[in-house]
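Overview (structure and organization)
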Amino acid sequence: MRRPITGEAPVAGRPGLIVADRPTPGSPPGTGTSRSRVLAGGIVSSLAGRMVGLAAPLLITPLAFRSLGAERYGLWMAVTSLTGMALFADFGLGNGLLTRLARLRGTGERQAAAREVSSAYALLGALSVLLMVVLVATLWWVPWPALLNATDPAVAGDARAVVLLCFGAFLVNIPLALIQRVQYAHQQVAQSNLWQAGGSLVSVALVYAAVTGGAGHVPVIAAAVLTVPAVNLANAVCYFAWQDRDLRPRRRHVRAAVARGLLRLGARFFLLSLLTSVVLNLDGFLISRVLGLPAAATYAVVLRMFALLTLFVTLVNLPLWPANGEALARGDLAWVRRVTRRMVCLSAGVVVLPGLALVPIGNDVLRLWVRAADLPPVSPTLFAGLAVWSVLLAVAAPLFMVQNSVGLLRPQFVGWTGCLLLAVPLKIVLATRVGLPGVALASAVTYGLTVLPAAVVGYRRVLAGGSSRPERATAAAAVVGS
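Residues numbered from 1 in each chain as written. Predicted model: local features only at pLDDT ≥ 70, side-chain atom pairs only at ≥ 80, totals over all residues. Heavy atoms only, no water.

1. Here we look at the overall build of the chain
- Along the backbone of the chain there are 19 helices and two strands.
- Residue burial in the chain is summarised as follows: out of 482 residues, 49% are buried.
- Residue pairs at least 24 apart in sequence account for 83% of intrachain contacts in the chain once pairs closer than 6 positions are excluded. (Helix = DSSP H or I, 4+ residues; strand = E, 2+ residues; numbered from the N terminus. Buried < 20%, exposed > 50% of the residue type's maximum accessible area, 1.4 Å probe, protein only. Contact = heavy atoms within 4.5 Å.)

2. Regarding the confidence of the model for the chain
- Averaged over every residue, the pLDDT of the chain is 81; the share at 70 or more is 85%.
- For the chain, per-element mean pLDDT is lowest for strand S1 (residues 8-11), which scores 32, and highest for helix H18 (residues 436-463), which scores 94.
- In the predicted structure, residues 466-482 sits below a pLDDT of 50 and forms 33 contacts with residues beyond four places in sequence or in another chain. (pLDDT = per-residue confidence, 0-100.)

3. Structural notes on unusual backbone geometry
- Phi at Gln187 is positive, roughly 55°, even though this residue is not glycine.
- With respect to the helices, strands and loops of the structure, Gln187 is situated in the loop between helix H7 (178-185) and helix H8 (189-212).

4. A word on the environment of Gly266
- If you trace the backbone, Gly266 turns up in helix H11 (residues 256-281).
- A C-alpha to C-alpha distance of 4.8 Å links Gly266 and Gly96, two positions 170 residues apart in sequence.

5. Focus on the packing of helix H3 (residues 93-107) against H11
- Remark: H3 packs on H11, axes separated minimally by 7 Å, with the N-to-C direction vectors making an angle of 115°. Judged on the interaxial angle alone, H11 and H3 are roughly perpendicular. Crossing handedness for the pair H3 and H11: right-handed. Together, Leu93, Asn95, Gly96, Leu97, Thr99 and Arg100 of H3 and Val258, Gly261, Leu262, Leu263, Leu265, Gly266 and Phe269 of H11 make up the contact between the two elements. (Axes fitted to C-alpha atoms, helices over the stretch in contact; angles between N-to-C directions. Parallel < 35°, antiparallel > 145°, perpendicular 65-115°, else oblique. Left-handed = near helix turned anticlockwise from the far one by under 90°.)

6. A word on the environment of Gly435
- Structurally, Gly435 is set in the loop between helix H17 (410-433) and H18.
- For Gly435, a relative accessible area of 14% corresponds to the buried category.
- Between the alpha carbons of Gly435 and Ala295 there is a distance of 8.9 Å; along the sequence they are 140 residues apart.
- Filtering out sequence-adjacent residues up to four positions away, Gly435 remains in contact with Leu291 and Leu430.

7. Notes on helix H13 (residues 293-317)
- The end-to-end C-alpha distance of H13, which contains 25 residues, comes to 34 Å, matching closely the 36 Å that a straight helix rising 1.5 Å per residue would cover.
- Of all the bends in H13, the largest measures some 30° and sits at Met305.
- If you check which residues of H13 are buried, you get Ala295, Ala296, Thr298, Tyr299, Val302, Met305, Phe306, Leu309, Val313, Leu315, Val316 and Asn317. (Expected span 1.5 Å × (residues − 1). Bend = angle between axes of the 7 residues up to and from the residue.)

8. A word on the packing of aromatic side chains
- One pass over the structure, following the stated rule, counts seven aromatic pairs.
- Measuring from ring centre to ring centre gives 5.5 Å for Phe269 and Trp321, while their planes differ by 35°; the resulting arrangement is tilted. Placement of the pair is Phe269 in helix H11 and Trp321 in helix H14 (residues 320-329), with a sequence separation of 52 residues.
- Owing to a relative accessible area of 5%, Trp321 belongs among the buried residues under this scheme.
- Centroid distance Trp416 to Tyr447: 5.7 Å. Interplanar angle 75°. Geometry classified as edge-to-face. (Phe/Tyr/Trp six-rings, centres within 6.5 Å; stacked < 30°, edge-to-face > 60°.)

9. Quick word on the nonpolar core
- One finds Trp76 and Tyr447 to be the most contacted residues of the largest nonpolar core, which totals 123 residues.
- If one sorts the elements of this core by residue count, helix H16 (residues 380-406) sits on top with 15 residues.
- Sequence-distant contacts of Trp76, that is, excluding residues within four places in its chain, are made with Ile60, Ala64, Leu68, Val162, Cys166, Ile221, Ala224 and Val225. (Core = buried A, V, L, I, M, F, W, Y, C linked by side-chain atoms within 4.5 Å.)

What follows is the structure, encoded as structure tokens:
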């Protein structure tokens, strides 16, 4: 039987639900208005933080390139690309923790939230240590200089040190990055974004100091790659030591049942991420096979322009995830409906204007941006197809944030699987008959026929009270044994 923590009392008319009778760092906003203010602040800070995050590499690149030289800088970027392929290394546990913490925040289950946090850190901490042992054990066995094609003997001599630094920083950051999910779950998005933006600025300062101070090549790379885990560690220490001590990871709060629930929910998020990644990144391969590598390069350059629009959609809608979870846990369906409608209109409106503008002037923008003589003119139909596809992504994003907030992923699996099965043959056929515009049109048509309806169906299921059975089971596991 659960024992209430100090200062807690049952809510009248809702047996078994315990909330704190005085504000705590994790306590939810009292009204939809205050929740909306927090959400607006999170959106603004996400955009500002991303601008700083995008500016940091622009400042670091010339410094590092001049200091390291072309081959050693290329070695670093090659290793970085390998770590980028392992972005799903937390197996969805971060997303699972975000979903469950947001709902527990709405119900006031502070002790259950503490067990979720401790169990998540225990799981990812163990995974990080295991992978680090494997990395160190195989560091000299794997012929990294040959794999990375390091021809200069001096550069080849640094190859293993660079691999250890980049992969080591990545593995250490797997559990340390959980602090961002904890802060997002408690709608402290602005605070999390401030830490991340500060980390980007610190990285620039450290690289500048290493270069101007005459540090060696490896220390310059270390200054760039170790900043992220160091800032996440500092963020976690400050948060759990002073801001929210109740959620501080402790060994006694680790529960096998909670860990299993996180693994189940995280595995579903992990598989969904893999599926969407395949669907969204398959075009380059298909185009290279059907139309050749030059056509694939042209399509990739044009797609990069629209990627900025989809990045905006992601940044704007991500704070909705925890806000929806807390609102749904408190039964505030009216707020979810109202805000979702507004975010659909906002996301679509912001994408429509630049998307339509690129149809007539897209080639002019490309010439100014790329400045490559071998880039052929692009059909306006290609810009139009990608613009429609981007708008559909923008419309679906807020609907998916509602489903993610309760762990309802089955409609998304159905939609994305249907999109994959329908898009591949249609893109091949249209690429053969129409060319590059056919690929963009196929993307828009298949997304509109499969993924968008799945987003609508899942959204309606959530509002009808139909959260997925696996999530109800994991939520129950968080309460049992309290």
